[in-house]
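Take a look at the letters that make up each chain.
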Amino acid sequence: MRIKKILYNSLYIVFPFFFIIYLLFCINILIKDFSYGHKSHNFNPSAHNWLTYKIDYFKFQFIDFFQNKKLEDGLTRVDLFIPEKTTNKLLSNVPTSTKKYLPSMMIINNNVQDTMVRYLGDNPVNFMLDKKSLRIKTRKREIYNKKRYFEYRFTQTTPISHYLAFRLAKEIGLLVSDVKLVELFINGKSKGIFLEKERLNESFLRRNRIMPINLYKGEQSRNVENKIGLKDDLIKNSGMWEKIAISNNFELEDKSDLKMFLNNLKNSENNPDNLNYILDNGNKELLAKIMMLEILLQNQANNDKHNQRIAIDTWSGKIYHIPHDIEYNLQNMYEDNLFFDISPSSLNRVLNQSSIFLNKKYEVIYEYVYEKKVLKKAVEDLSKIKKKYLVSEKRDFGSYQRKFFKNKTIDVKGNQNFINFSESLIKREKEIINVFKQEPNASWEVDGNSFNIKVNQILPLSKFTINFKHKNPKWIALDFNNNSIVDDEDFFFKKDKNNSFFLDISLFSNRIPILNLEEKHLGYKTQLSNTKFKFFVSDGSHPNEIYTYNNYIKKKFKLKKTKSKSYSPKKI
C-alpha cells in the first residue's frame with residue numbers, strides 16, 4: 001500500500017513537469033510550422049508531419065550514436081564550425097534572416113579560417129529542417145582554388161541524380177559548375193552527404209577561361225525574386241532578369257545584349273535571319289549540347305520561367321546557356337517512349353522546328369553517346385565513388401528527411417541505388433543508339449507527273465539514290481517552296497558522272513509541339529507527322545527504285561513504294 005501511495009503522490013509531482021515539457025514542445029512545433037509554411041514568400045509547401053519527423057530524427061540520432069561513430073572515412077570531409085549565436089540569428093526572422101552572412105569558421109588547407117555563412121534557397125525545406133543548404137564566403141585574401149564562395153546543397157532527391165547530371169554536362173563540354181559529393185561536418189558532427197557546387201559569378205567565368213561578360217539569372221517561379229503582377233514568361237520581358245556578372249563594356253542597368261537575344265528568339269519562328277543569329281558563332285553546337293543533355297537526363301535543364309542562366313559574349317557572339325539545377329531522371333523508358341525532342345522552353349520549341357539545328361543535334365548525340373561513350377563513362381564514375389558514398393550514407397539523415405516532401409519518392413539506399421543508376425545509364429545508352437540503327441520509317445509514291453518521298457521518323461532521311469527503269473531524265477527538282485510548280489526557287493539535281501541521280505539532302509518529319517500532361521517536367525512533347533516532299537522530273541517519268549543511306553551506321557536502305565496519308569513540310 002505504501003508503494004502505491006508513493007507512486008500516486010509522485011504522479012502529482014511529476015505530471016506538471018511532463019505537461020510543461022509537452023506544452024513547450026507543442027508551442028515550438030507551432031512556431032516552426034508557422035515559419036515553415038506561412039512566412040516564406042511565394043511558397044506554399046505541403047503540410048509537414050512534425051511529430052513523425054522528430055521521432056524519425058531521434059531514432060536516427062540514437063542509432064548514429066551507437067553504430068556509426070566508428071565507421072571509416074567516407075566521402076571528402078568538409079569541416080564547418082557555426083556558433084550557436086549564428087544559427088539562432090539565421091532563423092530569427094525567416095526568410096529574410098537566412099540571406100544575411102554571419103560569422104563561422106571552416107577548415108581550408110588544414111587551417112581553420114574565419115568565414116561567413118548563410119542559408120541557401122527560398123524554399124523553406126532548404127533551411128527549416130535539420131539538413132540545411134549553405135553558402136560559405138571566405139575573406140577576399142583567403143580564397144581557395146580561385147574560389148571565394150562554396151555552396152553545400154541538400155538535394156530534395158537522391159544526391160546521385162544531381163551529381164550524375166552535372167558530371168554528364170561537364171563531360172559533354174558545357175559551361176557548368178564543378179560539383180562533387182562531400183560529407184559535411186558541422187561542429188564536429190556529420191550532417192551527411194551534400195552536393196558541393198560553384199557559385200555562378202564573375203569568378204566562375206574566369207575559372208573557365210572566359211573573360212568577364214554579362215551573366216544573367218532568370219527566375220520567375222516561386223521565389224523572393226518573383227515579379228508580382230507579371231506573367232511568368234522570362235522570354236517576353238528582359239526586366240525580369242538579374243545581371244549577376246558584368247562585362248566591362250556595359251553598365252549594370254544595360255541589358256541590350258539580352259534584349260537582342262530575346263527579340264531574335266521571339267521572331268525566329270517566322271524569320272530565318274533571327275534564327276541564324278541564334279545559331280551563328282558556334283552557338284549551334286552549344287545549343288545542341290544543351291538539348292542533348294536533356295535527352296541524356298530525360299529531364300529539363302530550364303524552362304520559360306525557371307532556372308535560366310545565360311552568359312552573353314558580345315565579342316565572340318557566343319551565348320552560353322548554363323545548366324543550373326539539373327538532375328538525372330532515373331525512370332527507365334523503353335525506346336518507343338524515349339523523349340528525343342524535349343521542349344520545355346520557347347528556345348527548344350523554335351530549334352526543334354529547324355532542320356539545320358536538328359541535323360547538328362543528332363550528329364552531336366551520336367558522337368558523344370556512341371563514339372565517346374559518355375553514359376558508359378558515367379557508370380565507371382559511379383563505381384569509383386560507390387564505396388565511400390555508402391560509408392557516408394550511413395551517417396546521412398537526408399533519405400529520412402526527403403520522404404516528408406510532397407510528390408517525392410522514398411530514396412532507395414545502399415548498393416541497390418548504384419545498381420539502379422548504372423542499369424538505367426546502360427539501358428539509356430542502348431535505347432539512344434537503337435534510334436540511330438533502326439530501319440527508316442519512310443516510303444515513296446507516284447503523284448501525277450511527280451513523285452513524293454515521305455518521312456515519319458525522328459532522324460532525317462538523307463542521301464538518296466534514285467534509279468529509273470529506262471532512260472534517265474535530264475534533272476530532278478525538289479519543290480522547295482511547296483507551290484506544286486517548277487520555278488527558280490526549287491532545288492535542281494543533275495546526273496552524276498555515273499549517269500545516275502544522287503541527292504545529297506536531308507528531309508525531316510514535321511514536328512508538332514504538344515503540351516505533355518503525363519510528363520510535365522519535360523514541358524512539350526513532339527508529335528511527328530508523315531511528311532511528304534514533292535519532286536519533279538524533267539520528262540515526267542517516275543523512278544523505279546529509291547534508296548536512302550544512313551550515315552550513322554553506314555548502311556543503305558531501299559524505300560517501299562506505298563500510298564499513305566501525309567502532309568506538306570512546314571519548314572525545310
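Residues numbered from 1 in each chain as written. Predicted model: local features only at pLDDT ≥ 70, side-chain atom pairs only at ≥ 80, totals over all residues. Heavy atoms only, no water.

## Regarding the pairing of strand β17 (residues 501–507)
Here β17 shows one buried face, formed by Phe501, Leu503, Ile505 and Leu507, and one open face, formed by Phe502, Asp504 and Ser506. Across five bridges, the pairing between strand β14 (residues 461–467) and β17 is antiparallel. Opposite Leu461, over in β17, you have Leu507 as the bridge partner. (Buried < 20%, exposed > 50% of the residue type's maximum accessible area, 1.4 Å probe, protein only. Helix = DSSP H or I, 4+ residues; strand = E, 2+ residues; numbered from the N terminus. Pairing = 2+ DSSP bridges.)

## Looking at the pairing of strand β1 (residues 76–81)
Summarising the sheet, β1 and strand β6 (residues 179–186) pair through five bridges and their orientation is parallel. When the bridges of β6 are listed, Val78 appears paired with Leu184.

## Considerations on the packing of aromatic side chains
For the coordinates displayed, the defined rule picks out 21 aromatic pairs. A centroid spacing of 5.3 Å and a plane angle of 80 degrees characterise the contact between Tyr389 and Phe418, whose relative ring orientation is edge-to-face. Of this pair, Tyr389 sits in helix α11 (residues 374–393) while Phe418 sits in helix α13 (residues 415–437), and the two are 29 residues apart along the sequence. Given a relative accessible area of 2%, Tyr389 falls into the buried group. Aromatic ring contacts, followed pair by pair, group Trp50, Tyr53, Tyr57, Phe60, Phe397, Tyr400 and Phe404 into a single cluster. Sitting over the ring of Tyr119, Lys132 keeps its end group 5.7 Å from the ring centre. (Phe/Tyr/Trp six-rings, centres within 6.5 Å; stacked < 30°, edge-to-face > 60°. Lys NZ or Arg CZ within 6 Å of the ring centre and 35° of its normal.)

## Considerations on the sheet that holds strand β23 (residues 560–561)
Across the sheet, six strands lie side by side as β16-β15-β20-β13-β12-β23; this open sheet has mixed pairing. Of all the strands in the sheet, the pair left with one neighbour each is β16 (491–494) and β23. Where strand β15 (residues 475–478) lies against β16, four bridges are found, and the strand directions are antiparallel. Its bridge partner lying in β16, Ile476 is registered against Phe493.

All quantities given are derived from atomic positions and should not be read as evidence of function.
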